[in-house]
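Fold and geometry: a report
Next come the chains, spelled out residue by residue.
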Amino acid sequence: MQLNSRTDQSVPFVLESLPDPAVLGEGCPHRTRLQIDLVLLAIEALDLDGSEAMLTAARELQLQGLVKNRVTLWRLRNSNPCRRYSQRRPLTLAEAKALVAIACYLARRLTVTIRQLLLAHEQLRTQQLSPEHHFGLAHYLTRFRSHFRSRMNLRRTSLAVYSVDEKLNELAMSLLGQLLFCTGTAGMQRLWSSLFDGEVA
Amino acid sequence: MTIRRQYSLPNCTLVLEGLSTKHSTQAERPLLDVLIRFECHLTGALKPLTGGRDLLENLAAAASQFAQEFLSGVQHSNRDSLNGRSPLVRLEPVETRACRLIVQPELLIQAPVAESSAAPSTAQPALPIETTLSTVQVFDLVEAFDQFFADTQTLPDLSLNFKPLSRRVSTSRQPVTERAAPAALGVASLVLASVAFFFIPIPEVEKPRTPTPEDSPPQRERDQPPGPQGAPEPRQSSAGAAAAASGIANPDQEVLKQKLYTQIDQAWKADPTFDQDLIYRVSVDQSGKIAGYQFQNQAAVDYGSEVPLLDLLGVPPDSSTQKPLAQFQVVFTPSRVLQVRPWIDGRVSFGS
């Protein structure tokens, strides 16, 4: 991927297409932080080597300034207030943009898988079969559920509904659909804008 | 010569036919800036949606809006009414993973009779066209438009605009029932609270009782020997004015009343010229001497010189040697009758 080679820029080239929304207060709103982390969680459930791929993507997108290493990535993702080990730190707009760019970059790579799983899900639904009848889909859902339960603070009342498998499956499928929209030509701008719907002044 | 542009995805193909008004020979792809005909082929649909620029713009806007709603879960506009009428193209979610596309007939061109496509064109498009799309199909529709928007050689005046919904708009999009819920809850709590408090009796306010000679002798007798020094000493007049309270026990009060009566009666020589009662509040000390007095009505002020109270006034007690004071109401009547009654807590006691 041909990218701007200048690394001294304050805003990396790939993030220039994302405008700064007029958010209230400092850093990203609650829903933005939660949603970014969930999208990345869905990518990890799709890709066995997801977290390593995120660091590689950060390097390839020239985002090392914002996502230096595994620890930084962990801290950025743990700004999600629903995490078990949630960090009480704000997520700046630049950091959020970097995570969105990484998510869309990886989603685009996974386009084929995402489309296959969504088509399979549609097919199973018309046949009134459960997702467990499709190997890939069952695998994705199992991985997503285990990731979600091991990392999120399920004692939070907002997450209490996800103690049921069906609810988590619904969330996983909804995120898979969102990932599909991230793969598009304007996917990154679409995801970025959607993260601030109802949050700007 | 017409230019034809096609944006193909597995489930959706957009075909644009138009003209170029700018003649540029060097460009390999000429600029399409006038649209003549627009077609949208969706898999699963019986026939393509055919129309002009109106259809393209409305369909693109609806698709883009649906994508943003899908991503954020926040509804962008009120689907039910847009300026009182339904929008020309609607994409509305029907189940969790699918949506319904509704296109109003006024946007669609039915092939004229002269042209080729024979059978379907005969029916008049009275009803809107409805198609159900899966998530992947909607995505292909959105993506086909996104590719069209990204193409700078086709209708460059159209472009994508993403703007996050403002907090104010998104809250006003919430159903009225949802927005009214907190207010209703508040009113309900208020009603419940008022019903609950209705059954709780109103506490009776009791004035703090100050010990007075009238109502506290039993306590005083129990607590301390009755004597001039033992009583609590309230206070106290400015020069000439009567003092505030009395601390002399009941048996003494009767004696003092007599003393006061006698000394005023003996001193009152002048015949009254006043035609109404003169009322004074008079304080006496332990020895029966008048320590101060206050006027209780206007006549008492006006005719103060006719009564001997000022002459009988002793030296005001200084604060270091305060003596218990008893208070009396002294009334001089026009018929030259003198009345002396104990004064307790702002009222005259007739009891003793």
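Please read these numbers as outputs of a predicted model, since none were measured by experiment.

**Some details on the overall build of chain A**
For chain A, the count of helices and strands is 8 helices and 0 strands. Secondary structure elements of chain A, listed N to C terminal, follow the sequence α-α-α-α-α-α-α-α. A total of 201 residues make up chain A; the buried ones form 43% of that total. If you take every contact in chain A between residues at least 6 apart in sequence, the share linking residues at least 24 apart comes to 71%.

**Some points on the interface of chain A and chain B**
Between chain A and chain B, the residue contacts involve 26 residues of the former and 25 residues of the latter. Of all elements in the fold, only α5 (111-126), α7 (165-182) and α8 (187-194) of chain A reach the threshold of two or more residues within the side of chain A that touches chain B. Counting residues per element, the side of chain A that touches chain B draws most heavily on α7 of chain A, which supplies 6 residues. Grouping the amino acids of the side of chain A that touches chain B by side-chain chemistry returns 11 nonpolar, 9 polar and 6 charged.

**Here's the deal with α7 of chain A**
Between its first and last C-alpha, α7 of chain A extends 25 Å over 18 residues, near the 26 Å set by a 1.5 Å rise per residue. Burial in α7 of chain A covers these residues: Asn 169, Ala 172, Met 173, Leu 175, Leu 176, Gly 177, Gln 178, Leu 179, Leu 180, Phe 181 and Cys 182 of chain A.

**A look at the sheet that holds strand β2 (residues 12-19) of chain B**
Residue and element names in this part refer to chain B. If you walk across this open sheet you meet the 4 strands as β1-β2-β3-β4, and the pairing is antiparallel. In the strand order of this sheet, the two ends are held by β1 (3-9) and β4 (49-51), each with one partner. Adjacent strand axes in the sheet meet at a mean angle of 10°, parallel and antiparallel pairs treated alike. Its contacts with the sheet put helix α1 (residues 53-72) on β3 (34-42) and β4, and the angle it makes with β3 is roughly 50°.

**Here's the deal with the packing of helix α2 (residues 50-60) of chain A against helix α4 (residues 93-109) of chain A**
Between two packed helices, both the angle of their axes relative to each other and the distance between the axes serve to describe the pair. Residue and element names in this part refer to chain A. For the pair α2 and α4, interaxial distance at closest approach is 9 Å and the crossing angle is 110°. Between α2 and α4, the interaxial angle falls into the category roughly perpendicular. Here Ala 53, Met 54, Ala 57 and Ala 58 of α2 lie close against α4, whose contacting residues are Ile 102, Tyr 105 and Leu 106. Of the residues contributing to the contact of α2 with α4, the split by class is 7 nonpolar, no polar and no charged.

**A word on the packing of α4 of chain A against α8 of chain A**
All names here are of chain A. Closest axis-to-axis distance for the α4/α8 pair is 10 Å, and the angle between their directions is 135°. Of the possible angle classes, the one that applies to α4 and α8 is oblique. Helix-helix and strand crossings are classified by hand; for α4 and α8 the assignment is right-handed. Side by side, α4 and α8 meet where Lys 97, Val 100, Ala 101 and Cys 104 of the first sit next to Gly 187, Met 188, Leu 191 and Trp 192 of the second. Looking at the contact of α4 with α8, its residues break down into 6 nonpolar, 1 polar and 1 charged.

**Considering the nonpolar core**
Among the nonpolar cores identified, the biggest contains 98 residues, and Ala 42, Val 100, Ala 101, Ile 102, Ala 103 and Leu 176 of chain A together with Ala 63 of chain B are the most heavily contacted of them. Looking at which element gives the most residues to this core, the answer is α4 of chain A, with 12 residues. Excluding residues that lie within four positions of it along the chain, Ala 103 of chain A makes contacts with Ile 36, Val 39, Leu 40, Ile 43 and Cys 182 of chain A. Leu 260, Leu 309, Leu 325 and Phe 332 of chain B belong to the second-largest nonpolar core, a separate cluster that totals 21 residues.

**Section: the pairing of β1 of chain B**
All names here are of chain B. Here 7 bridges tie β1 to β2, and the two strands are oriented antiparallel to one another. Pairing of Gln 6 across the sheet is with Val 15, part of β2. What sits between the antiparallel neighbours β1 and β2 is a turn of 2 residues.

**Notes on the confidence of the model for chain A**
Residues and elements named next belong to chain A. Here chain A averages 88 in pLDDT, while 95% of its residues score no lower than 70. Across chain A, helix α6 (residues 135-151) holds the top mean pLDDT of 94, while α2 sits lowest at 90. pLDDT under 50 marks residues 1-9. Its contacts with residues more than four places away, or in other chains, come to 8 contacts.

**Concerning the pairing of strand β6 (residues 98-103) of chain B**
Residue and element names in this part refer to chain B. The alternating pattern of β6 places Cys 99, Leu 101 and Val 103 on a buried face and Ala 98, Arg 100 and Ile 102 on a face that is not buried. Looking at chain direction, strand β5 (residues 89-95) and β6 are connected through 6 bridges and run antiparallel. Bridge assignment links Glu 95 to a residue of β6, and that residue is Ala 98. In this structure, β6 lies alongside strand β7 (residues 129-134), joined through 6 bridges in antiparallel fashion. Looking at the pairing, Ala 98 lines up with Ser 134 of β7.

**Quick notes on the sheet that holds β5 of chain B**
Residue and element names in this part refer to chain B. The antiparallel open sheet is built from 3 strands, whose spatial order is β5-β6-β7. If you trace the sheet from one side to the other, it starts and ends with β5 and β7, each paired once. Between one strand axis and the next, the sheet turns through 25° on average, direction left out of account. Taken strand by strand, helix α2 (residues 135-150) contacts β6 and β7, and its axis lies near 110° from that of β7.

**Focus: the environment of Val 112 of chain A**
With respect to the element layout, Val 112 of chain A can be found in helix α5. The sequence separation of Val 112 of chain A and Leu 180 of chain A amounts to 68 residues, and the corresponding C-alpha distance is 9.5 Å.

**Digging into unusual backbone geometry**
Even without being glycine, Gln 62 of chain A reaches a positive phi, approximately 60°. Along the chain, Gln 62 of chain A falls in the loop between α2 and α3 (70-77). On the basis of neighbour count, Gln 62 of chain A is assigned to the buried category, with 21 C-beta atoms found within 10 Å. In the Ramachandran plot, Arg 336 of chain B falls in the positive-phi region, its phi being about 60° despite a non-glycine side chain. Following the sequence through the fold, Arg 336 of chain B ends up in the loop between β10 (326-332) and β11 (338-344).

Thresholds applied
- Residues numbered from 1 in each chain as written.
- Chains lettered and ligands numbered in written order.
- Predicted model: local features only at pLDDT ≥ 70, side-chain atom pairs only at ≥ 80, totals over all residues.
- Helix = DSSP H or I, 4+ residues; strand = E, 2+ residues; numbered from the N terminus.
- Buried ≥ 20, exposed ≤ 12 C-beta atoms within 10 Å, placed from the backbone.
- Contact = placed C-beta atoms within 7 Å.
- Nonpolar A, V, L, I, M, F, W, Y, C, P; charged D, E, K, R; others polar.
- Expected span 1.5 Å × (residues − 1).
- Pairing = 2+ DSSP bridges.
- Axes fitted to C-alpha atoms, helices over the stretch in contact; angles between N-to-C directions.
- Parallel < 35°, antiparallel > 145°, perpendicular 65-115°, else oblique.
- Left-handed = near helix turned anticlockwise from the far one by under 90°.
- Core = buried A, V, L, I, M, F, W, Y, C linked by C-beta atoms within 7 Å.
- pLDDT = per-residue confidence, 0-100.

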